[in-house]
There are 2 protein chains.
Amino acid sequence: MSEKKKGNGLAMRPFARSLPMQLLRAREALMQEFRPHLRKHGLSEQQWRVLRALAEAGSMDINALGEMCQIHPASLSRMLPNLESEGRIERRNDRDDQRYIIVSITAKGRALFQRVAKESEQIYASIERRIGSSELKTLYELLDKAIRAAPENAQEK
Amino acid sequence: MSEKKKGNGLAMRPFARSLPMQLLRAREALMQEFRPHLRKHGLSEQQWRVLRALAEAGSMDINALGEMCQIHPASLSRMLPNLESEGRIERRNDRDDQRYIIVSITAKGRALFQRVAKESEQIYASIERRIGSSELKTLYELLDKAIRAAPENAQEK
DNA sequence: GCCAGATACTTAACATGTTAAGTTTATAGA
DNA sequence: TCTATAAACTTAACATGTTAAGTATCTGGC
């Protein structure tokens, strides 16, 4: 309103051109479609990520699971006892190094995963149709590039 | 290991091709660079979004602020009293409709915004160099498309 | 073998995300 | 005007995000 003309008077690009913000917006827009579906199965977004990671990659220690799910080990320490008491995962100490906790998915957990996966894929297919298969591929490539562009993403260590 | 060959035996595309997951990964990778910077100024990621939104768009009611910042009104109800007691924002009731709370940034808040904005832009410029200006532009376009592809993003209502 | 430092995880404290219920104010219709 | 409904916000409860501190275990050097 009372800005002269020197850019926007803000010394900063507009909020809509904040990459973290747009990534958040895009993610929230997508999750709006998935959340009710997960909720119907009694799963939080984070619990679903854990089941999915374990179903795909097998048993893992806490740090590896956290990296794969993008969930902090401290959060996992709180979540995993619940998932375990519900019989969806198991935890055991590593034989050779007692510091490590090895987490794995149970048969019950895998059965749940299969059910949820089926419906999730349908939602995903719908999203892919709307965005376009080619654009989606490009989007993945650019996201990968942005991830790799980070200073030290500590992929392995 | 013991999978036959039917895809990956998972009835689901790999985790790395989950769009919400890659959006989260990319966002986390970027925020790793911004968070220490914000922290240095005593701002949480969410507090910074609020200041930025108010600096850019002027005063707003809670719902509009929540939409712009992607922060739930319930979370804002908890955050805003803190920002207000620190003298960074102000709240007042709408004259014509007492249900609305109008939030605005103070001079002190704006001064803080300007300081943080300056450094943020430098970090952002570094990221833009690494990703590439052209790719970044394409990335924004695809993110916009993904956001618009959502069923009903309730932009206005 | 012993000890300092590193590693993996847990716990605690506080902020925020998420949902549901509650409160206040406004609006529309009888 | 009165009342039912809706809208905007708040509060509460619980899960998760985030950081720092704490515990147990391991590793390497003496």
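This one's a predicted model, so the numbers in the text were calculated from it and none came from an experiment. (Residues numbered from 1 in each chain as written. Chains lettered and ligands numbered in written order. Predicted model: local features only at pLDDT ≥ 70, side-chain atom pairs only at ≥ 80, totals over all residues. Heavy atoms only, no water.)

As a further point, take helix H3 (residues 62-69) of chain B. Along H3(B), the residues that are buried comprise B:Ile62, B:Leu65, B:Gly66, B:Met68 and B:Cys69. Looking straight down H3(B), one finds that the buried residues subtend no more than 165° of arc, so they occupy a single side. Each element contacted by the buried residues of H3(B) is listed here: helix H1 (19-40) of chain A together with helix H2 (45-57), strand S1 (60-61), helix H4 (73-85) and strand S3 (101-105) of chain B. At the N-terminal end of H3(B), a side-chain oxygen is found 3.0 Å from the backbone nitrogen of B:Asn63, two or three residues along, and the residue is B:Asp61. (Buried < 20%, exposed > 50% of the residue type's maximum accessible area, 1.4 Å probe, protein only. Helix = DSSP H or I, 4+ residues; strand = E, 2+ residues; numbered from the N terminus. Arc of directions from axis to C-beta. Contact = heavy atoms within 4.5 Å. Polar contact = N/O pair within 3.5 Å; in protein donor to acceptor, adjacent residues only side chain to side chain.)

For soluble globular proteins, the rule of thumb is that nonpolar side chains tend to be buried together. Ranked by size, the top nonpolar core spans 36 residues in total, and within it A:Leu19 and B:Leu19 carry the most contacts. For this core, the secondary-structure elements that each account for two or more residues are H1, helix H5 (107-131) and helix H6 (133-148) of chain A together with helix H1 (19-40), helix H5 (107-131) and helix H6 (133-148) of chain B. (Core = buried A, V, L, I, M, F, W, Y, C linked by side-chain atoms within 4.5 Å.)

In the region of DNA strand D, 26 residues are neighbours, and A:Arg78, A:Asp97, B:Asn63, B:Ser77 and B:Tyr100 sit closest. In DNA strand D, atoms within 4 Å of the protein come 67% from sugar and phosphate. One of the side-chain nitrogen or oxygen atoms of A:Arg78 is found 2.7 Å away from a base nitrogen of DNA strand D. Measuring from a phosphate oxygen of DNA strand D, one finds a side-chain N or O atom of B:Asn63 at 2.8 Å. For the surface near DNA strand D, the secondary structure elements donating two or more residues are helix H2 (45-57) and helix H4 (73-85) of chain A together with H1, H3 and H4 of chain B. In terms of residue count, the dominant contributor to the surface near DNA strand D is H4(A) (4 residues). Class assignment of the residues belonging to the surface near DNA strand D gives a composition of 7 nonpolar, 8 polar and 11 charged. (Near = heavy atom within 4 Å. Nonpolar A, V, L, I, M, F, W, Y, C, P; charged D, E, K, R; others polar.)

How big an interface is tends to be stated in terms of accessible area lost as the parts join. Residue-level contacts link 61 residues of chain B with 61 residues of chain A. In this assembly, chain B packs against chain A so that about 6200 Å² is buried in total across both faces, 66% of it on carbon and sulfur atoms. Counting every contact that joins chain B to chain A gives 8 salt bridges. Notably, a salt bridge pairs A:Asp144 with B:Arg17, separated by 3.1 Å at the nearest N-O pair. (Buried area = accessible area lost by both parts, 1.4 Å probe. Salt bridge = Lys/Arg side-chain N within 4 Å of Asp/Glu carboxyl O.)

Residues and elements named next belong to chain A. Per-residue pLDDT for chain A averages 90, and the proportion of residues at 70 or more is 91%. Segment residues 1-6: pLDDT under 50, and 2 contacts once partners within four positions in sequence are set aside and those in other chains are kept. Predicted confidence for residues 153-157 stays below pLDDT 50, and this span has 6 contacts to residues more than four positions away or in other chains. (pLDDT = per-residue confidence, 0-100.)

Near DNA strand C lie 25 residues; those nearest to it are A:Asn63, A:Ser77, A:Tyr100, B:Arg78 and B:Asp97. Residue A:Arg99 places a side-chain N or O atom 3.2 Å away from a base oxygen belonging to DNA strand C. Contacts to DNA strand C include B:Arg99, whose side-chain N or O atom sits 3.3 Å from a sugar or linking oxygen. Every element with two or more residues in the surface near DNA strand C is listed here: H1, helix H3 (62-69) and H4 of chain A together with H2 and H4 of chain B. Among the elements that line the surface near DNA strand C, the one with the most residues is H4(B), at 4 residues. Looking at the surface near DNA strand C residue by residue, the classes come out as 7 nonpolar, 8 polar and 10 charged.

Both copies of the chain are related by a screw-like operation: a rotation about an axis and a shift along it. For the pair chain B and chain A, the best superposition has an RMSD of 0.0 Å and corresponds to a rotation of 180° with a translation of 0.0 Å parallel to the axis. Considering both components of the superposition, the chain copies are consistent with a two-fold axis. Relative to the rotation axis, the C-alpha of B:Leu23 is the closest in chain B, positioned 2.9 Å from it. (Least-squares fit on C-alpha atoms with pLDDT ≥ 70 in both.)

The subject of this paragraph is the packing of aromatic side chains. What the rule picks out here adds up to 2 aromatic pairs over all chains. Each ring, one from A:Trp48 and one from A:Phe113, has its centre 5.4 Å from the other, and the planes form 20°; the classification is stacked. Within this pair, whereas A:Trp48 is found in helix H2, its partner A:Phe113 is found in helix H5, the two being separated by 65 residues in sequence. Taken individually, A:Trp48 and A:Phe113 each receive the classification buried, so the pair is uniform in this respect. Here A:Arg17 stacks its cationic end above the ring of B:Tyr140, 4.3 Å away from the centre of that ring. (Phe/Tyr/Trp six-rings, centres within 6.5 Å; stacked < 30°, edge-to-face > 60°. Lys NZ or Arg CZ within 6 Å of the ring centre and 35° of its normal.)

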